[in-house]
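The lines below spell out each chain.
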Amino acid sequence: MPKYANASAEATEFLRQKTGSSQLECYTYIDPDRAEDSFFIVKTSNKVIHVSFSEITYEASSYQSLLEGLYRAIYE
């Protein structure tokens, strides 16, 4: 079954603030039963980046921690 990511206003705003890029868009797919199947798609002006939740180090109870982990996975 295909998995479709939805636009994430919160993640987009977070990454725009951290990077200073107004052209960045972020999409997310969250599987409530299998976190390893969840992922982000980050679209910049010149590339599309796929980041699985399993590639991110974060505190499972904090969405903010997940967003910070996403930033680290891409930019650090």
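Just above sits the structure.
The notes below deal with the structure included here.

Reading the values: the criteria
- Residues numbered from 1 in each chain as written.
- Predicted model: local features only at pLDDT ≥ 70, side-chain atom pairs only at ≥ 80, totals over all residues.
- Heavy atoms only, no water.
- Axes fitted to C-alpha atoms, helices over the stretch in contact; angles between N-to-C directions.
- Helix = DSSP H or I, 4+ residues; strand = E, 2+ residues; numbered from the N terminus.
- Parallel < 35°, antiparallel > 145°, perpendicular 65-115°, else oblique.
- Left-handed = near helix turned anticlockwise from the far one by under 90°.
- Contact = heavy atoms within 4.5 Å.
- Nonpolar A, V, L, I, M, F, W, Y, C, P; charged D, E, K, R; others polar.
- Expected span 1.5 Å × (residues − 1).
- Buried < 20%, exposed > 50% of the residue type's maximum accessible area, 1.4 Å probe, protein only.
- Salt bridge = Lys/Arg side-chain N within 4 Å of Asp/Glu carboxyl O.
- Polar contact = N/O pair within 3.5 Å; in protein donor to acceptor, adjacent residues only side chain to side chain.

What follows concerns the packing of helix α1 (residues 9-19) against helix α2 (residues 63-75). Interaxial distance between α1 and α2 falls to 11 Å at its minimum, and their mutual angle equals 50 degrees. Taken together, α1 and α2 sit at an angle that is classed as oblique. The interaxial crossing formed by α1 with α2 has right-handed handedness. For the pair α1 and α2, contact is made by E10, A11, F14, L15, K18 and T19 and by Y63, Q64, L67, E68, L70, Y71 and Y75, respectively. Within the contact of α1 with α2, the residues separate by chemical class into eight nonpolar, two polar and three charged.

Another aspect to go through is α2. Look at α2: 18 Å from first C-alpha to last across 13 residues, which is about the 18 Å you get at 1.5 Å a residue. Along α2, the residues classified as buried are S65, L66, L67, G69, L70 and Y71. For α2, the elements touching its buried residues are α1, β2 (25-29), β3 (39-43) and β4 (48-52).

What follows covers the pattern of salt bridges. For the structure shown, the criterion picks out three salt bridges. As a salt-bridge pair, R16 and E25 come within 2.7 Å of each other at their nearest N and O atoms. You can call R16 partly exposed: its relative accessible area is 25%. A salt bridge links R34 to E36, with the shortest nitrogen-to-oxygen separation between them at 3.4 Å. With relative accessibility at 41%, the residue R34 sits in the partly exposed group.

What follows concerns the side chain of T12. You can see T12 is positioned in helix α1. Judged by relative accessible area, T12 falls into the buried class, the value being 7%. A polar contact is formed between the side chain of T12 and the backbone nitrogen of C26, at a distance of 2.9 Å. Dropping the residues within four chain positions of it, T12 is found in contact with L24, E25 and C26.

Geometric descriptors of this kind do not, in isolation, establish any biological role.
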